[in-house]
Amino acid sequence: MSDSAVIVKTRKFIRNPLLSRRQMIVDIIHPGRSGVPRKELQEVIGGMYKADPKLTVLFGFRHKFGGGKSTGFCLIYDSEEACKKFEPKYRLIRQGMTEAKETSRKAIKEAKNKGKKIRGTGASIAKHKAKRAAGAD
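Topic: the pattern of salt bridges
Thinking step 1. This structure, assessed with the given rule, holds six salt bridges.
Thinking step 2. Here Arg 11 and Asp 27 are joined by a salt bridge, their closest N and O atoms 2.7 Å apart. In this pair, Arg 11 is assigned in strand E1 (residues 7-16) and Asp 27 in strand E2 (residues 21-29), connecting sequence segments 16 residues apart.
Thinking step 3. Among the residues examined, Arg 11 registers a relative accessible area of 37% and is labelled partly exposed.
Thinking step 4. Asp 27 gets classed as buried once you look at its relative accessible area, which sits at 9%.
Thinking step 5. Between Asp 78 and Arg 15 there is a salt bridge, with its nearest N and O atoms 2.6 Å apart. Here the residue Asp 78 occupies a position in the loop between strand E4 (69-77) and helix H2 (80-86), and Arg 15 occupies one in strand E1, the gap between them amounting to 63 residues.
Thinking step 6. A relative accessible area of 39% places Asp 78 in the partly exposed class.
Thinking step 7. Through salt bridges with shared partners, a single network forms among Lys 54, Glu 80 and Lys 84.

Below, the structure written as structure tokens:
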């Protein structure tokens with residue numbers, strides 16, 4: 001698929017020690033291609049910053065009108081533990097670090113409605129119990 005070269009430029013690079021990651025905006029120039037796969041970009045950016053491609057998280061890409069250029073956001077974590085701690089679950093599932101939990105739509109709705117019936121301080125406990133019951137099904 002990579003018939004033409006892809007140029008990757010980064011800007012607004014920030015080292016974020018509190019979240020133990022590096023974050024930046026990524027500009028990809030890909031003339032003659034509709035888009036560039038995430039896996040390919042992870043390899044390129046991981047190589048640029050001497051990082052593991054598995055710890056490189058790419059998201060929020062927008063294509064410019066007329067094609068040939070895309071802009072998105074990149075996070076490079078220092079360790080897998082930091083990645084699992086700070087990344088949202090849906091992005092971890094996209095990365096293949098965790099598995100998607102399958103629950104039925106009906107079970108989710110029943111848990112939600114059961115939680116709505118209880119008022120006060122017991123609501124959080126009831127929501128937790130309902131969620132566990134939905135997960136056990």
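As for the sheet that holds strand E3 (residues 56-63)
Thinking step 1. Strand order in the open sheet made by the four strands is E1-E2-E4-E3, with antiparallel pairing throughout. In the strand order of this sheet, the two ends are held by E1 and E3, each with one partner. Direction aside, neighbouring strands of the sheet carry axes that sit 20° apart on average.
Thinking step 2. The sheet contacts of helix H1 (residues 38-48) involve E1, E2, E3 and E4, and relative to E3 the element is tilted by about 120°.

Reading guide: rules and limits
Counting from 1, residues in each chain are numbered in the order their sequence is written. Per-residue local features of the predicted model are confined to residues with pLDDT of at least 70, and side-chain atom pairs are confined, for both listing and counting, to 80 or more; whole-chain, interface and lining totals are unaffected and use all residues. Hydrogens and water molecules were not included; the side-chain quantities draw on all heavy atoms of the structure. In the sections that follow, a salt bridge refers to a side-chain nitrogen of Lys or Arg positioned within 4 Å of a carboxyl oxygen of Asp or Glu. Put simply, DSSP H or I for four residues or longer makes a helix, DSSP E for two residues or longer makes a strand, and each gets a number counted from the N terminus. Think of it in three bands: residues with accessible area under 20% of the maximum for their type are buried, residues over 50% are exposed, and the middle band is partly exposed, with areas taken using a 1.4 Å probe on protein chains only. The pairing criterion for strands is at least two bridges between them, as found by DSSP. Only the stretch in contact is used when a helix axis is fitted, and all axes are lines through C-alpha atoms; the angle between N-to-C directions ranges over 0 to 180 degrees. For this analysis, residues touch if any pair of their heavy atoms sits within 4.5 Å.

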